[in-house]
Amino acid sequence: MLSIKSLGCMTLLLTLMSNADANWALFHQQGKVGQREAWYAQITRVTDRTEVEDMLGKGNDIMAKTSIKELPIIVVYESVTAPEWDELKLQFECLNKYRVLSYSEAEKAAKKARQEGKQYSSSVIVDGWNDPQRWNDPVKMRIAPRSYTVPRVDLSNRPIQQTQWALNSNAAMIKAQKFACQDEDVRLTLQESTANGQWNAEAFNSGLQKIGLQEAVHPLESKTVIDLLNLSWNVLWKGSKRADPSGLWVKKLSPEEKARYDLQYAAIEKQMKKQVEAAQNFGQPIIEQHQAELEFLEIVRKVRGDRQVGQEERTLLSVWQGRPEEQVGASMGSPQISEVGGLRFLNYQSSFDNRSALVSAASGRVLSTQGASGSCRISFITAMDQKKNWRVADIRIDSQGEVGGGVCRDLWRTPANLALPSKK
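Since this is a predicted model, take the numbers as computed values, not measurements.

A. View of the sheet that holds strand E14 (residues 343-353). Read across the sheet, four strands follow the order E13-E14-E17-E18 without closing on themselves; strand pairing throughout is antiparallel. A strand with exactly one partner marks an edge of an open sheet, and here the two such strands are strand E13 (336-340) and strand E18 (390-401). Each neighbouring strand pair of the sheet contributes to a mean axis angle of 20 degrees, computed without reference to strand direction. Those strands touched by helix H7 (residues 311-320) are strand E17 (373-384) and E18, and its axis lies near 155 degrees from that of E18. Relative to the sheet, helix H8 (residues 325-332) contacts E14, E17 and E18, its axis offset from that of E14 by approximately 15 degrees.

In structure tokens form, the structure reads like this:
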């Protein structure tokens, strides 16, 4: 939150964006004269608040269908009976833009791409993403912790209690949801609007219209809430009498007070920077690991191609896919290794034969046979990931004879070196 270092007369710092340093945007205004509100979004500070355990999909979905995004909002009020401003952390339930294909879908998509001579992608844009028919639908949201209101009477920071998830049809919330849930598109639009070093407001708003933000949005260069207050009162509501029951807005700061507030602000800014860095240090490895897994899935699909995976192979892959090659040797024992086309084949074989025959001593003719035989070959196919580690990309099983299936199951092991349950 804000220190009061900038209270009193102050040069207006806010300008319409002339470079890529804008971080706030005036995106919504409402109310009659005397009751007006100005809504500002920190469009470059969207945070993913999805719990790690909720990132995985259910059923055939590799990724979850939704995620939680948080957007910082400042609402400045003109009314004497309203707070001076609210600082809100708004969280929205967002439909994820991309869906990772399931194995069966990926196999069909890869085959179709090859037939059509097109590039294959392991993900698709989900159905219903950015549907114009739903641009004005109510949005699922809540006010998150670390939200504050600032009453006019003393300009103190008073926490706002977290709210429950609910649908909200307020126009400001519907707009804010687009900044949060489609932050990737917003950032891209911001970059494209400054591509030649000159700010292109028309290109920026045209880009936002494609995601449902039909009214003009004004990006701003701002450093503090005071900057946003000054824009509201000195530009948007110029000439309106500003209520000042606390008397702090007309108080002139002494050099000592100004120096003290400068130090306080610098300390707050330093602490916020540390928190942002800590969040990035925590989240970036998770993001990189997730990206690495998606890239390895692409390798898996290329290795597997159009091959139909058998049920027994699918069972083994459920615990072995992506595992390091070293774990295969540790659990299965030393394999016969061959390397072809940048892939390694770790081969394991076993056989069984208890057949016997009754042979005529006089003629040498086989009178009868009994018993059974079988053999099995299991090949773990490993490929190198982006970190140059060999990992299991596919498993192929070849069984022969009357009891070949049973011989194969005797070879089954998990990474924990425990036999998998036999299949009936």
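Moving on from the model shown.
B. Summary view of the pairing of strand E9 (residues 147-150). Two elements, strand E5 (residues 85-95) and E9, share three bridges in a ladder whose sense is antiparallel. Each bridged residue has a counterpart across the sheet, and for glutamate 87 the counterpart in E9 is tyrosine 148.

C. Structural detail: the packing of helix H3 (residues 183-192) against helix H4 (residues 201-209). H4 packs onto H3 with a crossing angle of 160 degrees between their chain directions and a minimal axis gap of 9 Å. The angle between the axes of H3 and H4 places the two elements in the roughly antiparallel class. By crossing handedness, the relation of H3 to H4 is classed as right-handed. In this structure, H3 contributes Val186, Thr189 and Leu190 to the contact, and H4 contributes Ala203, Phe204, Gly207 and Leu208.

D. Highlighting the state of the cysteines. Here the structure, examined in full by the defined rule, presents one disulfide. What pairs with cysteine 94 in a disulfide is cysteine 181, and their sulfur atoms sit 2.0 Å apart. Given an S-S torsion of about -75 degrees, the disulfide between cysteine 94 and cysteine 181 has left-handed geometry. On the criterion of sequence distance, the pair formed by cysteine 94 in strand E5 and cysteine 181 in helix H2 (residues 171-181) is long-range, its members being 87 residues apart.

E. Structural context of the environment of proline 245. For proline 245, the location among the structural elements is in the loop between helix H5 (225-236) and helix H6 (255-304). Proline 245 gets classed as exposed once you look at its relative accessible area, which sits at 54%. On a C-alpha basis, the gap between proline 245 and proline 151 in space is 9.8 Å, while along the polypeptide they are 94 residues apart. Excluding residues within four positions of it along the chain, proline 245 makes contact with Arg152 and Val153.

Definitions and cut-offs
- The residue numbers shown here count from 1 along each chain, following its written sequence.
- Thresholds applied to this predicted model are a pLDDT of at least 70 for local features of residues and 80 or more for the giving and counting of side-chain atom pairs; totals over whole chains, interfaces and linings are not thresholded and use all residues.
- Hydrogens and water are ignored here; the side-chain numbers use all heavy atoms of the structure.
- Here, strands pair whenever DSSP counts at least two bridges between them.
- Helix and strand definitions here come from DSSP, where helices need a minimum of 4 consecutive H or I residues and strands a minimum of 2 consecutive E residues; each element is numbered from the N-terminal end.
- The axes used here are C-alpha line fits, helices contributing only the stretch in contact, and every angle between their N-to-C directions lies in the interval 0 to 180 degrees.
- Contacts are assigned to residue pairs with any non-hydrogen atoms lying within 4.5 Å of each other.
- Geometric relationships in this document are graded by angle, where less than 35 degrees denotes roughly parallel, more than 145 denotes roughly antiparallel, 65 to 115 denotes roughly perpendicular, and other angles denote oblique.
- Handedness of each helix crossing follows the sense of rotation of the near helix against the far helix: counterclockwise by less than a right angle gives left-handed, clockwise gives right-handed.
- Our working definition of a disulfide is a cysteine sulfur pair at a distance within 2.5 Å.
- Throughout this description, buried means an accessible area under 20% of the type-specific maximum (1.4 Å probe, protein chains only), exposed means over 50%, and partly exposed covers the range between.

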